[in-house]
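Letter by letter, the chains look like this.
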Amino acid sequence: MKPRRSKHSTDLDLFLDFPSTKTYLAEVLGVSRSTLVTWENLAFWRIPSFRDAYPKNHDGSYDRESPLSPYQAWILGRVGRLMAQLRRSERVKGYIAKNPNDFSRYRYQQAFGQI
């Protein structure tokens, strides 16, 4: 993983009120697009609500080329914060497995006053 352009880019929860591309989100978070895609893969396979936030194609597969929802952007900011703290994807995977509620839609809605 390359160094971030801003080491404080994921210190706070990120809330966007519009869908965003991975390229745009990477710029906001101060990381390369390839780093963001790595985080996105980690979230896709370990956080069901993140995966389910993608629209589905006619064949039932997920359209991972579509823009990211505000919820997905929030999740990727949190994954980025964990990567900065834990430094290894295996540790982040373990944290997600032990703390699934930290990544729930309910928690997202609480954080942004939507409940």
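Residues numbered from 1 in each chain as written. Predicted model: local features only at pLDDT ≥ 70, side-chain atom pairs only at ≥ 80, totals over all residues. Heavy atoms only, no water.

The protein appears in an unreviewed UniProt entry as Transposase from Nostoc flagelliforme FACHB-838.

J.: Sorry if this is basic, but what is going on with the pattern of salt bridges here?
T.: Opposite charge on two side chains permits them to pair, given that their charged atoms come into close proximity. Inspection of every chain in the model, using the stated rule, returns two salt bridges. Here E40 and R64 are joined by a salt bridge, their closest N and O atoms 2.7 Å apart. Separated by 24 residues along the polypeptide, E40 in helix α2 (residues 33-46) and R64 in the loop between α3 (48-52) and α4 (70-86) bring together distant segments of the chain. Residue E40 is classed as buried on the basis of its relative accessible area, which comes to 2%. Between K93 and E90 there is a salt bridge, and its shortest N-O distance comes to 3.0 Å. Of the two residues, K93 and E90 are both situated in helix α5 (residues 89-98); the distance of three residues between them amounts to about one turn of the helix. (Salt bridge = Lys/Arg side-chain N within 4 Å of Asp/Glu carboxyl O. Helix = DSSP H or I, 4+ residues; strand = E, 2+ residues; numbered from the N terminus. Buried < 20%, exposed > 50% of the residue type's maximum accessible area, 1.4 Å probe, protein only.)

J.: Any chance you could explain a nonpolar patch on the surface here in plain terms?
T.: A cluster of nonpolar side chains, contributed by F18, Y24 and V28, occupies part of the molecular surface with about 250 Å² of accessible area. You can call V28 partly exposed: its relative accessible area is 34%. (Patch = residues over 30% accessible without salt bridge, like charges linked within 9 Å, V, L, I, M, F, W, Y side chains within 5 Å. Areas by Shrake-Rupley, 256 points an atom, 1.4 Å probe, with all protein chains shown as cover.)

J.: Help me understand the side chain of R78, please; the structure alone is not making it clear to me.
T.: Counting through the fold element by element, R78 comes out in helix α4. Side-chain polar atoms of R78 contact the backbone oxygen of D102, separated by 3.2 Å. (Polar contact = N/O pair within 3.5 Å; in protein donor to acceptor, adjacent residues only side chain to side chain.)

J.: Just to check I follow, could you spell out the packing of aromatic side chains for this structure?
T.: By convention here, two paired aromatic rings are described through the distance between centres and the angle between planes. The full count for this structure, using the stated rule, is seven aromatic pairs. Note on Y95 and F103: the rings are 6.3 Å apart at their centroids and 85° apart in plane angle, and the pair reads as edge-to-face. Relative accessible area serves as the criterion here: at 28%, Y95 is assigned to the partly exposed category. Taken together through their ring pairs, the aromatic side chains of F44, W45, F50, Y54 and Y62 make up a single cluster. A cation over a ring is seen here: R64 above F44, with NZ or CZ 3.8 Å from the ring centre. Directly above the ring of F103 sits R78, whose terminal nitrogen or CZ lies 5.7 Å from the centroid. (Phe/Tyr/Trp six-rings, centres within 6.5 Å; stacked < 30°, edge-to-face > 60°. Lys NZ or Arg CZ within 6 Å of the ring centre and 35° of its normal.)

J.: For this particular structure, what's the right way to read the packing of helix α1 (residues 22-29) against α2?
T.: A pair of packed helices can be characterised by two numbers: the angle between their axes and the separation between those axes. The contact between α1 and α2 brings their axes to 9 Å, and the two run at 105°. Here α1 is positioned roughly perpendicular relative to α2, judged by the angle of their axes. Across the interface between the two elements, K22, T23, L25, A26 and L29 from α1 touch R33, L36, V37, W39 and E40 from α2. For the contact of α1 with α2, the residue count by class is six nonpolar, one polar and three charged. (Axes fitted to C-alpha atoms, helices over the stretch in contact; angles between N-to-C directions. Parallel < 35°, antiparallel > 145°, perpendicular 65-115°, else oblique. Contact = heavy atoms within 4.5 Å. Nonpolar A, V, L, I, M, F, W, Y, C, P; charged D, E, K, R; others polar.)

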